[in-house]
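Examining the three-dimensional arrangement
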Amino acid sequence: MKDSSTRVHAVLEELREGFLLFDGAMGTMLQQRGVGPGQLPELLNLSDPELVTDIHREYVAAGCQVITANTFGANALKLADSGYTVDQVVSAGIACAKAAGAPYVALDLGPTGQLLQPMGTLSFEEAYQLYAEQVTAGLEAGADLILIETISDLYEAKAAILAAREQSDLPVFCTLTFEEGQRTFIGADPLTAAVALNAWGVDALGVNCSLGPNELLPVVESLLEYAKIPVMVQANAGLPREEAGRTVYDISPESYAAAVERMLDTGVRIVGGCCGTTPVYMKRLHELLEGRKPVAVTPRRITACCSGTTARVLDGRISVIGERINPTGKKRLKEALREGRMDYIIGEAIDQTAAGADLLDINVGLPELDEPRMLAGVIREVQGVTALPLQIDSSDPAAIEAGVRCYCGKPVINSVNGKKESMEQIFPIVKKYGALVVGLTLDEGGIPPTAEERFAIAKRIWETAKAYGIPEEDLLIDCLVLTASAQQDQVLETLKAIKLVKSRLGLKTVLGVSNVSFGLPARPLLNSVYLAAAFGAGLDAPILNPLSPDMMRVVDTFRVLNGEDRDAAAYIERYADFQTDGPAAAPPTAFSDGSQDTAAAFPGPPAGLTLYDCIVQGRKDEAGEKVKALLQEQSALQIIDEQFVPALDYVGDRFEKGKIFLPQLMQSAQAVKTAFAIIKEAQTGEKQAAKGKILLATVQGDIHDIGKNIVKMMLENYGYDVVDLGKDVPVEQVVEETLRQDIRLVGLSALMTTTVKNMQETIEALRRAGAGCKVMVGGAVLNEEYAKMVGADYYAKDAQASVRIAAAFFGE
């Protein structure tokens, strides 16, 4: 590894003492120089290095301290047909920035252009390798830091961050792109982003692209509330529009600087620009920063874990950890693990989420299994169907690291204990991946009988964790309850130990509650009473079976008594019809985000696990089995109209309301896709008529097709015939295919501001050719106003909006 420690120290020292000013847009400047879309701008590093260097030089002259190398898309996927290697393009890009006299050069890493599994086809390991190749090339070429930017998927961010940290010693900055709803395209909110990026050890975090500085201010304020590291902002210069054949932006350099000043006043330390910004904008920021002192920010210290879309803060609330994905005493789960049947495991995850769990424990420990491989596989599957954070549970350090590495988010590791060997093996994993960790109060002498002795072990674990640099808010203590049937005199010692840990160390506590009743009859009764006592002692996170009504009633009632359930709103909603002398009211139907709806509000079949339910909950394998059974009684059209469409409508509505996010939407879509394949296979003489034919294309010059592919899947699931022309589609091809196939509805997508002009040209070409079609447009850089400006008939802000447009257009 090339030694860059001197330069690393210098760039971070600049940041410690004041601000860092990054440069502005490269694409906007290339467009101003007459470079049209349709080619990879990174190839200009080799074909026209003087042009790239001149643009960098203008930013240096404007006062920028960090010049971002023209390497945003220089990965092996995007360069596959270019004839150049990653090393060649990256090395040339770094050389251009250095030749411009850049004080510091940032290796720029953008998205891979592919969705990661399970939503897409790119594996986490493949994404890691793509980024590792770029990092290695950038390090050798002399980059001073690494900027990972314009990321919408935290899983992709983790792959890039791990590659950067493992393949170099350079500082790592990471910025995500947020949409108008203050979430990324995949669904992460600012809290989740801050929790994850803090955990993964970047040197700065923040936001870039998509929106102007005024629109990004609420996101920035949320990031500042939780970020333990400097916050960075590179906003767009508003929205683009066409004037006299040129693309211009609606925020002037002066207005941009005024908006950035408000961010500086809240504590932002690193600024620059994205789409639409130029050296003139950066000169205004340079003038703004001169003589200014950074505003000190004190972030909130919270105990939190997260998935790729959802954070769970353990402070001030009871957090239920679902225990059912653990083979101990579970014959069916053992069989599923041995046979590699993920459908059963996925079902357990969905059911526990539905029952009100806040986290899910994942344990696959069977001696005959390759535990590291199996644990990683189960985690990949489970994180695709639930938005809940996961607790990774194993006594094997290799399995723990395999699971934590492939997990999208900040997990809980269960567990470390007071043994010297255990702490030496587990704490480095906790530190590297930024996880929470459960400390068990046992050591080489076993589980001590008294509360004071257990507290002593907890204190030793706490002190050792601090020596490894693990913040105390990331340590949870399990004081270990033993069975009342065999060690009755120690049951209350556990409660005493919880009180000691809370009062003397101030740490959060975890407890596997159901251990107390092992070997005794009426276990739920004993478990529920002990759970109430544990809450009284200060327990924060019980590990329990959330499908047990007795246990969840204790949780729900305690949340009222401790003030967590304000005005008892959730309690009243759930128990308004509770019957003390008979069975409780039917439990609510719940979904993969953990929210719940009553059966009365559920527009599908009211009882039993139907095909409708399988689609809503993303149960792919079970959806396949259900549709096979239904085909014995119903026609394909009846199944589609009565099961597929209502379920997809319901899921789509929840997606639009922010109740679920893209991973859960995609799982439901995949469930329909699985069921659809079975219907097609079963059809012999029955011909299924399409609802209408729709042509989709990502416009010329734009190689991003993630959003377009999601729209395609949703439209096909609703029964439309989709003609997919792919990405970077020439104007002439769109026109030719529209006329040849008599297309009535065309969908155009663009992610890059520099290619939106091609969207307008495509629409104009369709009109000139006399195509009798309507056009809907979508993409991260568009809004309703800009859709009208480019001449589109409809604006589709997401995949579900595309379905609604198609339904209205074809008269359904």
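Our structure's up above, just so we're on the same page.
What comes next concerns the included structure. (Residues numbered from 1 in each chain as written. Predicted model: local features only at pLDDT ≥ 70, side-chain atom pairs only at ≥ 80, totals over all residues. Heavy atoms only, no water.)

Some thoughts on helix α12 (residues 331-339)
Inspection of α12 places Leu 333, Ala 336 and Leu 337 among the buried residues, and these make up the whole buried set. The buried residues of α12 occupy an angular sector of 95° when projected down its axis, which confines them to one face. Exposed and oriented more than 90 degrees from the buried face of α12 are Lys 331, Arg 332 and Glu 339. Buried-residue contacts for α12 involve β13 (321-325), α13 (342-355) and α14 (371-382). Of the residues trailing α12, Gly 340 is marked for its positive phi of about 70°. (Buried < 20%, exposed > 50% of the residue type's maximum accessible area, 1.4 Å probe, protein only. Helix = DSSP H or I, 4+ residues; strand = E, 2+ residues; numbered from the N terminus. Arc of directions from axis to C-beta. Contact = heavy atoms within 4.5 Å.)

Section: unusual backbone geometry
Leaving glycine aside, a negative phi is the common case for residues, and trans is the common case for peptide bonds. The amide bond that connects Gln 117 to the next residue, Pro 118, takes the cis arrangement and shows omega of 5°. Position of Pro 118 among the secondary structure elements: in the loop between β3 (104-109) and α6 (124-141). Positive phi, close to 50°, is recorded for Ala 522, a residue that is not glycine. Structurally, Ala 522 is set in the loop between β19 (508-512) and α19 (523-537). When its relative accessible area of 52% is taken as the criterion, Ala 522 is described as exposed. Even without being a glycine, Ala 568 presents a positive backbone phi close to 55°. When you line up the elements, Ala 568 lands in the loop between α20 (549-561) and α21 (569-575).

Focus on the sheet that holds strand β18 (residues 475-478)
Spatially, β13-β14-β15-β16-β17-β18-β19-β20 is the arrangement adopted by the eight strands of the closed barrel, whose pairing is parallel. If you compare each strand with its neighbour and ignore which way they point, the axes differ by 30° on average. Where β13 and strand β20 (residues 541-544) come together, two bridges link them in parallel fashion. Counterpart to Ile 321 in the pairing with β20 is Ile 543. (Pairing = 2+ DSSP bridges. Axes fitted to C-alpha atoms, helices over the stretch in contact; angles between N-to-C directions.)

Section: the packing of aromatic side chains
Under the definition given, this model contains ten aromatic pairs. Ring centres 6.0 Å apart and planes at 45° place the aromatic pair Phe 22 and Phe 173 in the tilted group. Of this pair, Phe 22 sits in the loop between β1 (20-21) and α2 (27-32) while Phe 173 is found in strand β5 (residues 172-176), placing the two residues 151 residues apart along the sequence. Seen from their ring centres, Tyr 256 and Tyr 281 are 5.6 Å apart, and the 85° between their planes marks the pair as edge-to-face. (Phe/Tyr/Trp six-rings, centres within 6.5 Å; stacked < 30°, edge-to-face > 60°.)

Considering α19
Here α19 spans 21 Å end to end across 15 residues, near enough to the 21 Å set by a 1.5 Å rise per residue. Listed in full, the buried residues belonging to α19 are Asn 527, Ser 528, Tyr 530, Leu 531, Ala 534, Phe 535 and Ala 537. Against α18 (491-505), β19, β20 and α20 lie the buried residues of α19. Phi for Gly 538, located one or two positions after α19, is positive at around 115°. (Expected span 1.5 Å × (residues − 1).)

Description of the side chain of Thr 386
Within the fold, Thr 386 resides in the loop between α14 and β15 (390-393). Of the residues examined, Thr 386 reaches a relative accessible area of 1% and is grouped as buried. For Thr 386, the side chain forms a polar contact with the side chain of Thr 353, separated by 3.0 Å. (Polar contact = N/O pair within 3.5 Å; in protein donor to acceptor, adjacent residues only side chain to side chain.)

What about the packing of helix α25 (residues 662-682) against helix α26 (residues 706-717)?
Viewed as axis vectors pointing N to C, α25 and α26 meet at an angle of 45°, and their least axial separation amounts to 10 Å. Comparing the axis directions of α25 and α26 gives the class oblique. For the pair α25 and α26, the sense of crossing is left-handed. Contact residues: Leu 662, Leu 665, Met 666, Ala 669, Gln 670, Val 672, Lys 673 and Phe 676 in α25; Ile 710, Met 713, Met 714, Glu 716 and Asn 717 in α26. (Parallel < 35°, antiparallel > 145°, perpendicular 65-115°, else oblique. Left-handed = near helix turned anticlockwise from the far one by under 90°.)

Section: the pattern of salt bridges
For the structure on display, the rule yields 42 salt bridges. The residue Arg 292 makes a salt bridge to Glu 261 at a minimum N-O spacing of 2.7 Å. Note that Arg 292 is positioned in the loop between α11 (279-289) and β11 (304-306) and Glu 261 in helix α10 (residues 253-266), a separation of 31 residues in sequence. Of the residues examined, Arg 292 reaches a relative accessible area of 21% and is grouped as partly exposed. A relative accessible area of 30% places Glu 261 in the partly exposed class. Between Arg 341 and Asp 343 there is a salt bridge, with the nearest N and O atoms lying 3.5 Å from each other. (Salt bridge = Lys/Arg side-chain N within 4 Å of Asp/Glu carboxyl O.)

Some points on the environment of Ile 413
Structurally, the position occupied by Ile 413 is in strand β16 (residues 412-417). The spatial distance from the C-alpha of Ile 413 to the C-alpha of Ile 362 is 9.9 Å, given a sequence separation of 51 residues. Beyond its immediate stretch of four places on either side in the chain, Ile 413 contacts Ile 392, Ile 400, Val 404, Ile 426, Ile 429, Val 430, Ala 435, Leu 436, Val 437 and Val 438.

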